[in-house]
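Observations on chain architecture
Take a look at the letters that make up each chain.
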Amino acid sequence: MIGVLRMVDEVVCAPFKNNSDMITDLLLFGMCNAQEGMNPFNKMGALQVSLEQSLSPSYNLGLLWEPTDDFGFGMVYQSSAKMRLKGKYMIDNARAPQELIKGLNSSATGQILAAILGLPSNIPNIESGLVAMDLEYPAHFQAGIKYKILPDLQVNFDVGWTDYSAWDKFKFEFDRQISLLKVAKLLSNDVTDNSLALPLKFTSPWSWGIGLEYSATDRLKLRAGYEPRASSIPDDKRNTMVPINNAQLFGLGLGYRFDADTDLDLSVGFLRSRDNIPACSSTLSNKCGVDNILLNPYSGLDVKTNTKVTVLGLSYRTKW
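Please read all numbers here as calculations on a predicted model, not as lab measurements.

Quick look at the overall build of the protein chain now. Scanning the protein chain from terminus to terminus reveals five helices and 15 strands. A globule of 320 residues ought to have a C-alpha radius of gyration of about 20 Å, yet the protein chain, at 28 Å, is considerably larger. Reported as C-alpha extents along the three principal axes, the dimensions of the protein chain are approximately 95 × 40 × 30 Å. Sorting the 320 residues of the protein chain into buried and exposed places 35% on the buried side. Long-range contacts, defined here as pairs at least 24 residues apart, represent 68% of the contacts in the protein chain between residues at least 6 apart. Of note, the protein chain has its 31 positive side-chain charges centred 1 Å away from the centre of its 34 negative side-chain charges.

Strand order in the open sheet formed by nine strands is β2-β3-β6-β7-β11-β12-β13-β14-β15, and the pairing between neighbours is antiparallel. Sheet topology places β2 (60–65) and β15 (303–318) at the edges, where each strand pairs with a single neighbour. The mean inter-strand angle of the sheet, taken between neighbouring strand axes irrespective of direction, is 10 degrees. Where strand β14 (residues 262–277) meets β15, 16 bridges bridge the pair, whose relative direction is antiparallel. Across the sheet, residue L266 finds its bridge partner in β15, namely L314.

Our next topic: the pairing of β2. Little of β2 is tucked away, with zero of its six residues classed as buried. Sheet topology note: the β2/strand β3 (residues 71–78) ladder contains six bridges and is antiparallel. Within β3, the residue paired with G62 across the bridge is V76. Where β2 folds back on β3, the antiparallel hairpin that results is connected by five residues.

Our next topic: the sheet that holds strand β9 (residues 191–192). The antiparallel open sheet is built from six strands, whose spatial order is β1-β4-β5-β8-β10-β9. The sheet terminates laterally at β1 (45–52) and β9, the two strands that pair on one side only. Summarising the sheet, β1 and strand β4 (residues 81–93) pair through eight bridges and their orientation is antiparallel. Within the sheet, the bridge partner assigned to E52 lies in β4 and is K86.

This part takes up helix α3 (residues 95–104). Along α3, eight of the 10 residues are buried, which leaves the element largely enclosed by surrounding structure. All of the buried residues in α3 are A96, P97, Q98, E99, L100, I101, G103 and L104.

A separate point is the packing of aromatic side chains. Counting across every chain of the model gives 12 aromatic pairs. Centroid distance W167 to F170: 5.8 Å. Interplanar angle 65 degrees. Geometry classified as edge-to-face. These aromatic residues form a ring-pair network of at least three members: F157, W208, Y226 and F250.

If you walk through the whole model with that rule in mind, you get one disulfide. Here C280 connects covalently by a disulfide to C288, the sulfurs 1.8 Å from one another. Classification of C280 by relative accessible area gives partly exposed; the value is 30%. Residue C288 is classed as partly exposed on the basis of its relative accessible area, which comes to 37%.

For the protein chain, mean pLDDT is 88; residues scoring 70 or higher make up 91% of the total. Put simply, helix α1 (residues 2–12) is where the protein chain has its lowest mean pLDDT, 63, and β3 is where it has its highest, 97.

Our next topic: the side chain of E127. Mapped onto the elements, E127 comes out in strand β5 (residues 126–137). Although E127 is buried, it makes no salt bridge; R176 carries the closest opposite charge, 7.4 Å away. Among the polar contacts made by the side chain of E127, one reaches the side chain of N93 at a distance of 3.1 Å. Excluding residues within four positions of it along the chain, E127 makes contact with Y89, M90, I91, N93, Q177, I178, S179 and L180.

Our focus in this paragraph is the pattern of salt bridges. Scanning the model with the defined rule gives 16 salt bridges in all. Here R317 and D265 are joined by a salt bridge, their closest N and O atoms 2.4 Å apart. Of this pair, R317 sits in strand β15 while D265 sits in strand β14; the two residues are 52 residues apart in sequence, bridging distant segments of the chain. With a relative accessible area of 41%, R317 lands in the partly exposed category. Overlapping salt bridges bring together E213, K221, R223, R257, D263, D265 and R317 as one network.

Conventions we followed
Residues numbered from 1 in each chain as written. Predicted model: local features only at pLDDT ≥ 70, side-chain atom pairs only at ≥ 80, totals over all residues. Heavy atoms only, no water. Helix = DSSP H or I, 4+ residues; strand = E, 2+ residues; numbered from the N terminus. Rg over C-alpha atoms; globule rule 2.2 N^0.38 Å. Buried < 20%, exposed > 50% of the residue type's maximum accessible area, 1.4 Å probe, protein only. Contact = heavy atoms within 4.5 Å. Lys, Arg positive; Asp, Glu negative; His and termini not counted. Charge placed at Lys NZ, Arg CZ, Asp CG, Glu CD. Pairing = 2+ DSSP bridges. Axes fitted to C-alpha atoms, helices over the stretch in contact; angles between N-to-C directions. Phe/Tyr/Trp six-rings, centres within 6.5 Å; stacked < 30°, edge-to-face > 60°. Disulfide = S-S within 2.5 Å. pLDDT = per-residue confidence, 0-100. Salt bridge = Lys/Arg side-chain N within 4 Å of Asp/Glu carboxyl O. Polar contact = N/O pair within 3.5 Å; in protein donor to acceptor, adjacent residues only side chain to side chain.

Written out as structure tokens, the structure is:
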């Protein structure tokens with residue numbers, strides 16, 4: 001629809017710019033009186049939000065079983081935490097939608113059309129107020145075993161699951177009707193006069209990891225690990241905002257025991273994730289169509305992501 005409005009502005013309205021009359025205003029709903037036309041490559045507005053919740057209780061349950069020094073089994077469950085985030089928002093409206101509404105209201109037929117569609121009477125430069133959002137921190141489960149295949153060599157194997165399917169969508173609820181949303185709701189079912197939902201449709205995959213620990217001396221231990229992480233983002237929701245989809249994590253580390261009560265652990269991890277998002281395949285990146293207005297920065301384009309992350313870790317433990 002925004003593309004159609006651009007065509008109307010550049011093709012139909014071009015002969016009537018600064019030369020309109022009552023007849024053209026009635027026939028074209030006053031849209032040609034807009035000083036700046038709608039453009040699918042420009043933004044309609046920018047939303048800034050700041051949300052928080054001071055307390056969000058959860059619980060952990062764990063089990064560890066070590067019948068011998070050579071074998072051990074453990075598992076842990078971390079509960080979800082439901083939050084009602086509250087805060088403030090500010091919307092910086094672009095000039096083009098302001099001019100569109102102003103143009104419609106300059107014509108009798110445009111005013112009738114705006115009333116039928118439920119469009120606002122005007123769009124201010126800035127809109128601000130209070131906003132809230134329900135957010136659930138996902139539950140997590142992990143289980144693993146350790147086994148010494150040699151006196152100095154131990155292998156660890158873990159499986160894990162995180163309930164990212166709890167992130168079906170992020171819905172922002174505003175304390176009043178937003179003028180720009182009254183326009184956007186015509187293009188998306190995820191928008192109402194006072195709410196905006198970002199559909200995510202995340203899934204909850206299982207992943208596994210394997211590690212080795214070699215006891216070089218009584219004090220020094222060397223470690224290495226590998227974990228292929230399955231993506232929780234479905235193919236039609238892949239995006240550059242979260243550029244880590246299917247990923248591989250490699251890790252190296254060492255542990256040194258100074259005495260019976262003091263240990264030092266050092267680790268380095270390297271994560272890499274590459275992804276190709278074909279044109280028109282993701283509703284959060286490059287979908288083709290007129291109803292995908294919330295987050296679609298690369299409409300109709302092929303998108304590639306390449307993410308590399310290096311993580312350093314240091315742990316010092318002592319008893320007293």
